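Each chain, written out:
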Amino acid sequence: MTAQLLNINHQLRSNQARRILLVEDHYLNRMLLSDYLSYCGYDVQSLSEGSTFFSTIEKFQPDLMLLDLKLPDVDGYSLLKQVQQKPDLAKIPVIVVSAFAFKADQELALSLGARHYFVKPLKLKDLIVTIEKEFSCHHR
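Residues numbered from 1 in each chain as written. Predicted model: local features only at pLDDT ≥ 70, side-chain atom pairs only at ≥ 80, totals over all residues. Heavy atoms only, no water.

1. Looking at the sheet that holds strand E2 (residues 43-47)
Part 1 of the reasoning: Taken together, 5 strands build an open sheet; the order of strands is E2-E1-E3-E4-E5 and the sheet is parallel. Sheet topology places E2 and strand E5 (116-119) at the edges, where each strand pairs with a single neighbour. Along the sheet, successive strands turn relative to each other by an average axial angle of 20°, direction set aside.
Part 2 of the reasoning: Relative to E2, strand E1 (residues 19-23) is paired through 5 bridges, and the arrangement is parallel. Pairing of Ile-20 across the sheet is with Val-44, part of E2. (Pairing = 2+ DSSP bridges. Helix = DSSP H or I, 4+ residues; strand = E, 2+ residues; numbered from the N terminus. Axes fitted to C-alpha atoms, helices over the stretch in contact; angles between N-to-C directions.)

2. Looking at the pattern of salt bridges
Part 1 of the reasoning: By the definition in use, this model includes 4 salt bridges.
Part 2 of the reasoning: For Arg-19, the salt bridge is made with Asp-63, and the minimal N-O distance between the two is 3.6 Å. Of this pair, Arg-19 sits in strand E1 while Asp-63 sits in the loop between helix H3 (53-60) and strand E3 (64-67), and the two are 44 residues apart along the sequence.
Part 3 of the reasoning: The class for Arg-19 is partly exposed, based on a relative accessible area of 27%.
Part 4 of the reasoning: Given a relative accessible area of 15%, Asp-63 falls into the buried group.
Part 5 of the reasoning: A salt bridge links Glu-24 to Lys-120; its shortest N-O distance comes to 2.7 Å. Here Lys-120 lies in the loop between E5 and helix H7 (124-138) and Glu-24 lies in the loop between E1 and helix H2 (27-39), a separation of 96 residues in the sequence. (Salt bridge = Lys/Arg side-chain N within 4 Å of Asp/Glu carboxyl O. Buried < 20%, exposed > 50% of the residue type's maximum accessible area, 1.4 Å probe, protein only.)

3. Observations concerning the nonpolar core
Among soluble globular proteins, nonpolar side chains are generally buried collectively.
Part 1 of the reasoning: Judged by nonpolar contacts, the single largest core of 22 residues is most densely connected at Leu-21, Phe-53, Met-65, Leu-80 and Ala-109.
Part 2 of the reasoning: Listing elements by their share of this core, those giving two or more residues are E1, H3, E3, helix H4 (76-84) and strand E4 (94-98).
Part 3 of the reasoning: In terms of residue count, H4 provides more of this core than any other element does, 4 residues in total.
Part 4 of the reasoning: When neighbours within four sequence positions are excluded, Leu-21 is seen to be in contact with Gln-45, Leu-47, Phe-53, Thr-56, Ile-57, Phe-60, Pro-62, Leu-64, Met-65 and Leu-66.
Part 5 of the reasoning: Counting 17 residues, the second largest nonpolar core, distinct from the first, contains Leu-37, Tyr-42, Leu-64 and Phe-118. (Core = buried A, V, L, I, M, F, W, Y, C linked by side-chain atoms within 4.5 Å. Contact = heavy atoms within 4.5 Å.)

4. Notes on the pairing of E1
In summary, the side chains of a regular strand alternate between the two faces of the sheet.
Part 1 of the reasoning: With 4 of 5 residues buried, E1 is to be regarded as a mostly interior element.
Part 2 of the reasoning: Regarding topology, H2 serves as the crossover connection from E1 to the parallel E2, and that connection is right-handed. (Right-handed = clockwise from strand over helix to strand, strands pointing away.)

5. Side note on H3
Part 1 of the reasoning: Inspection of H3 places Phe-53, Thr-56, Ile-57 and Phe-60 among the buried residues, and these make up the whole buried set. Taken down its axis, H3 places every buried residue within 105° of arc, on the same side. In this structure, H3 carries Glu-58 and Lys-59 as exposed residues pointing more than 90 degrees from its buried face.
Part 2 of the reasoning: Check the buried side of H3 and you find it contacts E1, E2, E3, H4 and helix H5 (87-90).
Part 3 of the reasoning: Once H3 finishes, Gln-61 follows within two positions and takes phi at roughly 50°, a positive value. (Arc of directions from axis to C-beta.)

Put into structure tokens, the structure is as follows:
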């Protein structure tokens, strides 16, 4: 694991800032994730609700999205479904970060196009490892 993290630290320093769209309604979770991802060298845009999700994607052009499933104004599952129905958006990797811990929730999110599923509270190192794996596979 240490060698893997050292390799990822090297990749983080050598890559230009990748854009990550973070959709998380809980203020502290959003700030923690946003600050940590920025510290790791990513360009982060965060949303607290889904109402501006698609307009933000259009403006920000994210390379990856982190999506909470329980949002105040829209169901995260419906956002996943809508993303997959748009060919230009379906290629953007989506990682779900949710408090929904049931296997059925994970299976549904993955069936709707999520690439990975993390249950809160999550280990930030594991998230970064997954993000970097996604970028190395997605951007070859």
